[in-house]
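Coordinates in review
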Amino acid sequence: MQSSRWSAVVVRWACVCVALAAMGRAALADGNSCGEPPEPSHYVAQSGDSEDAQHFAVERTFAGQGNLELNVCSGELHIRPASGDKLKLRIETGSGPSLKMRAYVKDLDVTGDHATISLEFPRKYHPVVTLEVPSSTSLKTEINLGAGKLYFTADGMKGNREVNLGAGEAHLAMVGDHAYSTFEANVGMGSFHDHRPGGASSHFIISREYQGSGEGRLEVNVGAGSIDIDPHRGETI
């Protein structure tokens, strides 16, 4: 029975990770949806939004309840908890895009208890995205990054959280086990490193599940690449 259950888990996560790896390859390839021209933008500017040739910044009122979905094609992504009721998005590129920054913001819809953000900056512009999120135990968060580096401050981010990375590095800032009731980490091909006291490392195909002393579910899936848990990165990422 245990062997059959384990086989089912491996098959399920192999399928998920194959799909994530394909997403990562697509984000790295030329001529994909991260390329130019981007798909039509549904972003509507509001008072207080700022933009120049290589910077874009907005704030929206968000109570940290309901659903949050963030989709980023490629780049470096930082997710941090926010104080108060303001969701803050900042984007900086290493070089100036051929179009206005807003052209690559496909969706930015923050209404009531629902927030959807989709960004399509090409990898060649080296985008760095920072999202500060108010959260509560009733928030359901889904973060999707096609390819790149993802830095997620799990401590302080409440609710049920799902993080998906097609190809690249996922770094979790997490001290102890109080950031979750259950934590699941899956890597289709790569490595897993838990730098917390007593933590372990694994390579190749990884599927790990932990029980914690906190609230909410945390799930991190990487198609090809790595997951690193570092309790000392919370103030620097």
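Only a predicted model underlies this, so the values are computations on that prediction, with no experimental measurement involved.

1. A look at the packing of aromatic side chains
Following the criterion strictly, the structure yields six aromatic pairs and no others. Note on Tyr43 and Phe56: the rings are 5.2 Å apart at their centroids and 75° apart in plane angle, and the pair reads as edge-to-face. Of this pair, Tyr43 sits in the loop between helix 1 (2-28) and strand 1 (50-51) while Phe56 is found in strand 2 (residues 55-61), placing the two residues 13 residues apart along the sequence. You can call Tyr43 buried: its relative accessible area is 10%. By relative accessible area, Phe56 is classed as buried at 2%. Pairing Tyr180 with Phe183 gives two aromatic rings, centres 5.4 Å apart and planes at 45°, and the pair type is tilted. Both residues of the pair, Tyr180 and Phe183, belong to the buried class. Three or more aromatic residues link up through ring pairs in this structure, and these residues are Tyr180, Phe183, Phe192 and Tyr210.

2. Describing the pattern of salt bridges
Tallied over the entire structure, the rule returns seven salt bridges. Across the pair Asp49 and Arg60 runs a salt bridge, and its minimum N-O distance is 2.9 Å. With Asp49 in the loop between helix 1 and strand 1 and Arg60 in strand 2, this pair connects stretches of sequence that are 11 residues apart. There is no split in this pair, since Asp49 and Arg60 are both buried. With a closest N to O distance of 2.8 Å, Arg102 and Glu51 form a salt bridge. You can see Arg102 sitting in the loop between strand 4 (86-92) and strand 5 (105-111) and its partner Glu51 sitting in strand 1, a full 51 residues away along the chain. Taking the relative accessible area as the measure of exposure, Glu51 reaches 28% and is therefore partly exposed. Through salt bridges that share partners, Glu184, Arg217 and Glu219 make up one connected network.

3. Quick word on the side chain of Thr141
The topology assignment puts Thr141 in strand 8 (residues 139-153). Contacts of Thr141, omitting those with residues within four sequence positions, involve Leu68, Met157, Asn160, Arg161 and Glu162.

Cut-offs applied
- Counting of residues starts from 1 at the beginning of each chain's written sequence and follows it residue by residue.
- Reporting in this predicted model follows two pLDDT cut-offs: at least 70 for local features of residues, and 80 or more for side-chain atom pairs to be given and counted; totals over whole chains, interfaces and linings ignore these cut-offs and use all residues.
- Excluded from the side-chain calculations are hydrogens and water; all other atoms, namely the structure's heavy atoms, are used.
- The pairing test for Phe, Tyr and Trp rings, Trp by its six-membered ring, is centres within 6.5 Å, and the orientation test on the planes gives stacked under 30 degrees, edge-to-face over 60, and tilted for anything in between.
- The numbering of helices and of strands both runs from the N terminus, where a helix is a DSSP run of H or I of at least 4 residues and a strand a run of E of at least 2.
- For the exposure calls, accessible area comes from a 1.4 Å probe over protein chains only, and a residue counts as buried if that area is under 20% of its type's maximum, exposed if over 50%, partly exposed in between.
- A pairing counts as a salt bridge when a side-chain nitrogen of Lys or Arg comes within 4 Å of a carboxyl oxygen of Asp or Glu.
- Should any heavy atoms of two residues lie within 4.5 Å, those residues are considered in contact.

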